[in-house]
Every structure is written in structure tokens, then in C-alpha cells.
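# Structural characterization, general
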Amino acid sequence: NAGVTQTPKFRILKIGQSMTLQCTQDMNHNYMYWYRQDPGMGLKLIYYSVGAGITDKGEVPNGYNVSRSTTEDFPLRLELAAPSQTSVYFCASTTVTEAFFGQGTRLTVV
Amino acid sequence: ELKVEQNPLFLSMQEGKNYTIYCNYSTTSDRLYWYRQDPGKSLESLFVLLSNGAVKQEGRLMASLDTKARLSTLHITAAVHDLSATYFCAVPFYNQGGKLIFGQGTELSVKP
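Residues numbered from 1 in each chain as written. Chains lettered and ligands numbered in written order. Predicted model: local features only at pLDDT ≥ 70, side-chain atom pairs only at ≥ 80, totals over all residues. Heavy atoms only, no water.

### Details of the overall build of chain A
Scanning chain A for helices and strands turns up zero helices and 11 strands. Reading the helices (α) and strands (β) of chain A from amino to carboxyl end gives β-β-β-β-β-β-β-β-β-β-β. Here the C-alpha radius of gyration of chain A, 13 Å, is about what a compact globule of 110 residues would show, namely 13 Å. Projected onto the principal axes, the alpha-carbon positions of chain A cover approximately 35 × 25 × 20 Å. Counting every position in chain A, which comprises 110 residues, the buried fraction comes to 46%. Contacts spanning at least 24 positions in sequence make up 52% of the contacts within chain A whose residues lie at least 6 apart. For chain A, the accessible surface area stands at approximately 5,200 Å², while carbon and sulfur atoms represent 53% of it. With 9 positive and 8 negative side-chain charges, chain A shows a spacing of 11 Å between the two charge centroids. (Helix = DSSP H or I, 4+ residues; strand = E, 2+ residues; numbered from the N terminus. Rg over C-alpha atoms; globule rule 2.2 N^0.38 Å. Buried < 20%, exposed > 50% of the residue type's maximum accessible area, 1.4 Å probe, protein only. Contact = heavy atoms within 4.5 Å. Areas by Shrake-Rupley, 256 points an atom, 1.4 Å probe, with all protein chains shown as cover. Lys, Arg positive; Asp, Glu negative; His and termini not counted. Charge placed at Lys NZ, Arg CZ, Asp CG, Glu CD.)

What follows is the structure, given as C-alpha cells:
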């Protein structure tokens, strides 16, 4: 059982570049989430989804986009990367009783 | 506004001492999660509290939930160095669209 898989684990982007962070879960969970964690800080919710075809903004959505075409996949898109988006990104999927996290993507924008 | 607040944010303890971390949240939810995070790592699930009055214990850690007070506690008994980590609570607000909101985290350092 792979759980929640995020790719890539590390990435360096130049200012203005774009990229997609991939997140896949194999547990058939409806709820999926993207968070960012800045150094020494907590997790801030970027976007979330309650099922395929349904997404909504979290606390810090600006500069990001998501899609949810299947139950398994919840990619996060960064358009026009900025230094303020340097962070560690975590994807999670949940049932009503537990949340499962990916291993994180460490992104640096230079 | 959905808020989850932890205190303290930093906690330096001596081995063998007891302490409690508090987690307050702003609006109705019937469950709460506690996580541990070691530096550079992902989050490790500690406890899932599913109802008012729920109490769970694992080793030196015990968590409780009071949904009426919108408060959870994580109690540490006889701390040891291995408990040094950052602890997060998280509240799923299913009646607010399904958001899962985290507290700021409590950085715990246990010294000999």
C-alpha cells in the first residue's frame, strides 16, 4: 500500500518558471489537501478537494492552481514562480478518521 | 474564520518533567488529530480523537478532546529526549466545506 506519493522530492526553480507538483493516493480517499510549510512554521492550507471535479481555496491560494480529474490524483500547479513560494509542500488525503501525508516536496525559487 | 491555536509555541523541558500542550479551535468540529514532526521529515500521526471526551494514550503521551470547550490537550509524562520534536494539532471542519486546519505547532525540546 503506497499511501500518498508526492513527486518530485526536491526542485529548484527560477523566478517566472512554472511547474506541477504531483500527488497520488491509492486509498480511494475523497478528501485531498495541499499545504505549504515555511521554515519553523506550521502548515498553511493552499487548496483542497472533497472529491473528483471539486476543488476549493484554502488559506493561501494565491499563485497556485489545482485540478482533480480523478479520485487518485491532485496536482498543484505553480505559475510564474516567485521567491515567496520557496517552501516545503505537503499533500494529504483523509478519511473521516485519519489523515495521511506524503513525504513532502522541497521547492526553492531563485 | 477558522482558527486553530496552540500554546505554548516553544517548550523547553527537563527530562522527567510533565507538561501539557493546548490546542483551541474557533468553531464546531467533532474530531481532532495530533501529529509529530521531526526536522526535515513529514508528519507522523499520533492520535485521532473522534468524539467529545475521547482520551487516548501512547507511551508518555496522552491526548484528550473536549468538543464543547473546543479544546484538546496533549499531556507529556516524564519527558525523555526522544520526545523532542514539533507537535501539531489539526482540526477537520467538515461542516465548513471540509477544510483541515493546523495549529502553529509546538516545538518541544527535552534536555537532560
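### Some thoughts on the environment of A:Leu78
All names here are of chain A. Along the chain, Leu 78 falls in strand E8 (residues 76-78). Spatially, the C-alpha atoms of Leu 78 and Val 66 are 9.0 Å apart, while their sequence positions differ by 12 residues. For Leu 78, the contacting residues outside a window of four places in its chain are Gln 17, Ser 18, Met 19, Leu 21, Gly 63, Tyr 64, Gln 85, Tyr 89 and Leu 107.

### Details of the pattern of salt bridges
Taken as a whole and judged by the stated rule, the model has four salt bridges over all chains. Note that A:Arg77 and A:Glu79 form a salt bridge whose closest N and O atoms lie 3.1 Å from each other. B:Asp38 is paired through a salt bridge with B:Arg36; the nearest N and O atoms lie 3.0 Å apart. For B:Arg36, a relative accessible area of 13% gives the class buried. (Salt bridge = Lys/Arg side-chain N within 4 Å of Asp/Glu carboxyl O.)

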